Amino acid sequence: MIEISHVNKWYGPTFQVLKDCTTSVAKGEVVVVCGPSGSGKSTLIKCVNALEPFQEGQIILDGIKVNDPKTDLPKLRARVGMVFQHFELFPHLRIIDNLCLAQEKVLGRSHEEAVAKGNKLLERVGLTVHANKYPAELSGGQQQRVAIARALAMDPIAMLFDEPTSALDPEMISEVLDVMVDLAHEGMTMMVVTHEMGFASKVAHRVIFMDKGEIVEDAQKTDFFGSPRSERAQKFLSKILSH
Amino acid sequence: MFDNLDFDVIRRSLPYLFLDGMSFTLMLTGLSALGGLIFGTLIALMRLSGYKLLGRIAGLYVDFMRSLPLVLVIFWFYFLVPYIGQWLTGASRPIRVGAFTSSLVTFIMFEAAYFSEIMRAGIQSISKGQPAAASALGLTYSQSMRYVVLPQAFRNMLPVLLTQTIVLFQDTSLVYVLSIPDFLGAASKVAQRDGRLVEMYLFAAAVYFVISCVASYGVRRLQARIAIVR
Ligand SMILES: Nc1ncnc2c1ncn2[C@@H]1O[C@H](COP(=O)(O)OP(=O)(O)O)[C@@H](O)[C@H]1O
Ligand SMILES: [Mg+2]
């Protein structure tokens, strides 16, 4: 589904943020990406839906080459859902309109269709009663669930998550993770940047560890948590697991 | 010194002052603000587009307009527009342009320079995550601008835009150089005709003062409300 091969990316002439990154996510697979802050996790995941350009290598998404100048990027992005650390709901639109905007403008669905779909997804994330509120009236956890629903409204073939719970108060983390766990169980293809190792051990198939722009470790979940691995990953794990 | 003043002249000329004068002033203010906002937003988008040449042209335009006295622009434009129109349409003689059209075009072009700076600040105040989220949903650059960035930029900048419009409301009085009967022009016509300069100019000043004050107060109220919503 997602094929990342030998991706190199620089910011400016000298700072290399991604170094020969190669990995893949199969259909229905859940891959967790972790690593220290600044290691390039967000950058890598943003390269997948071309929110960030890269200079070398290639990424193929469902058979379409992301870094081909001829690729219709808006169309490609519409097929992949993305959830951000800071939710990024549109503050000037009601919750239901947040869910409808791209359905109507990008997929060309009628307003009625979009609203029906939106309501169905709000019900799914347990926020039906908030449909007519503005984002600022919701808690962080609720906003992030809306953001997930907004992405799902586009019927994505895969979902990208960039630290979806790290801006949340601790008591709100689980309500968001629950939605993500459900998604994983339904067979959604997911690439998730997170430090929630509980989530990783519950639903991830593979775990990728990044450091300084490199993919240091790319292992099956049981191998990653169990058997020997690189020293850098060990250090990192002991640090976050001790919290 | 007020012994021989005749304030009845104001009462007698009220219909002319307001139905002709003030309605012209308000219409010119409103249309100029609207046109200036649209044109100004386009200039702001040019400056932020990332195309160097486009940005330079827009930047030069803004600097040019901001370094000329408005009165001069009004004056020059009135004489130039007929010739520009002739050149654009290929007519054989300078086209006839009414004083209203001429002053409207002038104000739109002049105000666009100021509105563009406000809208530019407004667009830059939106965090990068917003257009990123719009792109991630498949919206194109122009859709993202239209449905996500500009509405927020406009909402955030509304108090500043309205304050600028109040300044514009006062500035429209400069069309007196074209002897157009806006509110001030109308007052001044009556003043000359009846020899009641003090009364009429006092009254005109009072009217501008009251309207501007009330409008400023309204803007402050609005600002407080927006601050709460955010
Ligand atoms: N737009 C940018 N320009 C320059 N450097 C950037 C930019 N975005 C991110 N970086 C740098 O790239 C590195 C990786 O960033 P990021 O992918 O956000 O890391 P992570 O998500 O793993 O914390 C960091 O050192 C960061 O400072
Ligand atoms: Mg990050």
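Residues numbered from 1 in each chain as written. Chains lettered and ligands numbered in written order. Predicted model: local features only at pLDDT ≥ 70, side-chain atom pairs only at ≥ 80, totals over all residues. Heavy atoms only, no water.

Q: How do you make sense of the packing of helix 1 (residues 8-48) of chain B against helix 2 (residues 52-66) of chain B when you look at a structure like this?
A: All names here are of chain B. The contact between helix 1 and helix 2 brings their axes to 7 Å, and the two run at 135°. One way to sum up the angle between helix 1 and helix 2 is to call them oblique. The hand of the helix 1/helix 2 crossing is left-handed. Along its contact with helix 1, which presents Phe 39, Ile 43, Met 46 and Arg 47, the element helix 2 presents Leu 54, Gly 55, Ile 57, Ala 58, Gly 59, Tyr 61 and Val 62. Split by residue class, the contact of helix 1 with helix 2 holds eight nonpolar, two polar and one charged. (Axes fitted to C-alpha atoms, helices over the stretch in contact; angles between N-to-C directions. Helix = DSSP H or I, 4+ residues; strand = E, 2+ residues; numbered from the N terminus. Parallel < 35°, antiparallel > 145°, perpendicular 65-115°, else oblique. Left-handed = near helix turned anticlockwise from the far one by under 90°. Contact = heavy atoms within 4.5 Å. Nonpolar A, V, L, I, M, F, W, Y, C, P; charged D, E, K, R; others polar.)

Q: I'm lost on the side chain of Thr 165 of chain B in this one. Help?
A: Residue and element names in this part refer to chain B. Tracing the sequence through the fold places Thr 165 in helix 6 (residues 141-171). On the accessibility criterion, Thr 165 (18% relative accessible area) is buried. When sequence neighbours within four positions are dropped, the list of residues in contact with Thr 165 reads Thr 29, Ala 33 and Phe 115. (Buried < 20%, exposed > 50% of the residue type's maximum accessible area, 1.4 Å probe, protein only.)

Q: I keep staring at the pattern of salt bridges and nothing clicks. Help me out?
A: A side chain of one charge can pair with a side chain of the opposite charge when the charged atoms of the two come close. Within this structure, the stated rule accounts for 18 salt bridges over all chains. Across the pair Glu 29 of chain A and Arg 206 of chain A runs a salt bridge, and its minimum N-O distance is 3.1 Å. One end of the pair, Glu 29 of chain A, is in the loop between strand 2 (15-25) and strand 3 (30-34); the other, Arg 206 of chain A, is in strand 9 (residues 206-211), with 177 residues separating them in the sequence. What makes Glu 29 of chain A buried here is its relative accessible area of 14%. Look at Arg 206 of chain A and you get buried, because its relative accessible area is 8%. When the shortest N-O distance is used, the salt bridge between Arg 232 of chain A and Asp 211 of chain A registers 3.1 Å. One end of the pair, Arg 232 of chain A, is in helix 9 (residues 231-241); the other, Asp 211 of chain A, is in strand 9, and 21 residues separate them in sequence. On the basis of relative accessible area, Arg 232 of chain A is assigned to the partly exposed category, the value being 36%. Of the residues examined, Asp 211 of chain A reaches a relative accessible area of 10% and is grouped as buried. A single salt-bridge network, built from bridges that share partners, covers Asp 6, Asp 8, Arg 11, Arg 12, Arg 193 and Asp 194 of chain B. (Salt bridge = Lys/Arg side-chain N within 4 Å of Asp/Glu carboxyl O.)

Q: How should the packing of helix 5 (residues 129-136) of chain B against helix 6 of chain B be read in this particular structure?
A: If you want to describe how two helices pack, look at the angle between their axes and the distance between the axes. Residue and element names in this part refer to chain B. Packing of helix 5 against helix 6 brings their axes to within 10 Å, and their N-to-C directions diverge by 160°. With respect to helix 6, the axis of helix 5 lies roughly antiparallel. By crossing handedness, the relation of helix 5 to helix 6 is classed as right-handed. Every residue of helix 6 that contacts helix 5 at Gln 130, Pro 131 and Ala 134 is listed here: Ser 144, Val 148, Val 149 and Gln 152.

Q: What is the right way to look at the site of ligand 1 in this model?
A: Residues and elements named next belong to chain A. Near ligand 1 you find Tyr 11, Phe 15, Val 17, Pro 36, Ser 37, Gly 38, Ser 39, Gly 40, Lys 41, Ser 42 and Thr 43, and these make up its full shell. Contact distances for ligand 1 include 3.0 Å between an oxygen atom and a backbone N or O atom of Gly 40. Note that an oxygen atom of ligand 1 is positioned 2.6 Å from one of the side-chain N or O atoms of Ser 42. Coverage of ligand 1 by the protein amounts to 58% of the 560 Å² it exposes when considered alone. Elements represented by at least two residues in the shell around ligand 1 include exactly strand 2 and helix 1 (41-48). (Near = heavy atom within 4 Å. Polar contact = N/O pair within 3.5 Å; in protein donor to acceptor, adjacent residues only side chain to side chain. Areas by Shrake-Rupley, 256 points an atom, 1.4 Å probe, with all protein chains shown as cover.)

Q: Would you mind showing me how to read the sheet that holds strand 5 (residues 64-65) of chain A here?
A: Either a parallel or an antiparallel arrangement is found when strands of a sheet pair, and the pairing is made through backbone hydrogen bonds. Residue and element names in this part refer to chain A. Strand order in the open sheet made by the four strands is 2-1-4-5, with antiparallel pairing throughout. The open sheet terminates on both sides in strands that have one partner only, identified here as strand 2 and strand 5. Helix-sheet contacts for helix 1 involve strand 1 (2-11), strand 2 and strand 4 (56-61), and the interaxial angle to strand 1 is about 120°. (Pairing = 2+ DSSP bridges.)

Q: Where do I start with a nonpolar patch on the surface in this structure?
A: Residue and element names in this part refer to chain B. Together, Leu 72, Trp 76, Leu 80, Ile 84, Trp 87 and Leu 88 line one region of the surface with nonpolar side chains, adding up to about 710 Å² of accessible area. If you trace the backbone, Ile 84 turns up in helix 3 (residues 70-89). Taking the relative accessible area as the measure of exposure, Ile 84 reaches 36% and is therefore partly exposed. (Patch = residues over 30% accessible without salt bridge, like charges linked within 9 Å, V, L, I, M, F, W, Y side chains within 5 Å.)

Q: Teacher, can you tell me more about the interface of chain B and chain A here?
A: One widely used convention gives an interface's size as the accessible area the parts lose upon coming together. Each partner contributes to the interface: chain B provides 19 residues, whereas chain A provides 21 residues. In this assembly, chain B packs against chain A so that about 1,600 Å² is buried in total across both faces, 67% of it on carbon and sulfur atoms. A per-residue breakdown of the area chain B buries against chain A is headed by Ala 136, Leu 137 and Tyr 147 of chain B, which together make up 35% of the total. Remark: the boundary between chain B and chain A carries zero salt bridges. Inspection of the region where chain B meets chain A yields four residue pairs in polar contact (both at pLDDT 80 or more). Residue assignment for the side of chain B that touches chain A shows that the elements contributing at least two residues are helix 5 and helix 6 of chain B. Per element, the largest residue contribution to the side of chain B that touches chain A is seven residues, and it comes from helix 5 of chain B. Among the residues making up the side of chain B that touches chain A, the classes are represented as 10 nonpolar, eight polar and one charged. (Buried area = accessible area lost by both parts, 1.4 Å probe.)

Q: Would you mind going over the environment of Phe 161 of chain A with me for this structure?
A: Residue and element names in this part refer to chain A. Residue placement: Phe 161 occurs in strand 7 (residues 158-162). What makes Phe 161 buried here is its relative accessible area of 0%. On a C-alpha basis, the gap between Phe 161 and Ser 174 in space is 15 Å, while along the polypeptide they are 13 residues apart. Beyond its immediate stretch of four places on either side in the chain, Phe 161 contacts Ile 45, Val 83, Ile 148, Met 180, Leu 183, Met 190, Met 191, Val 192 and Val 193.

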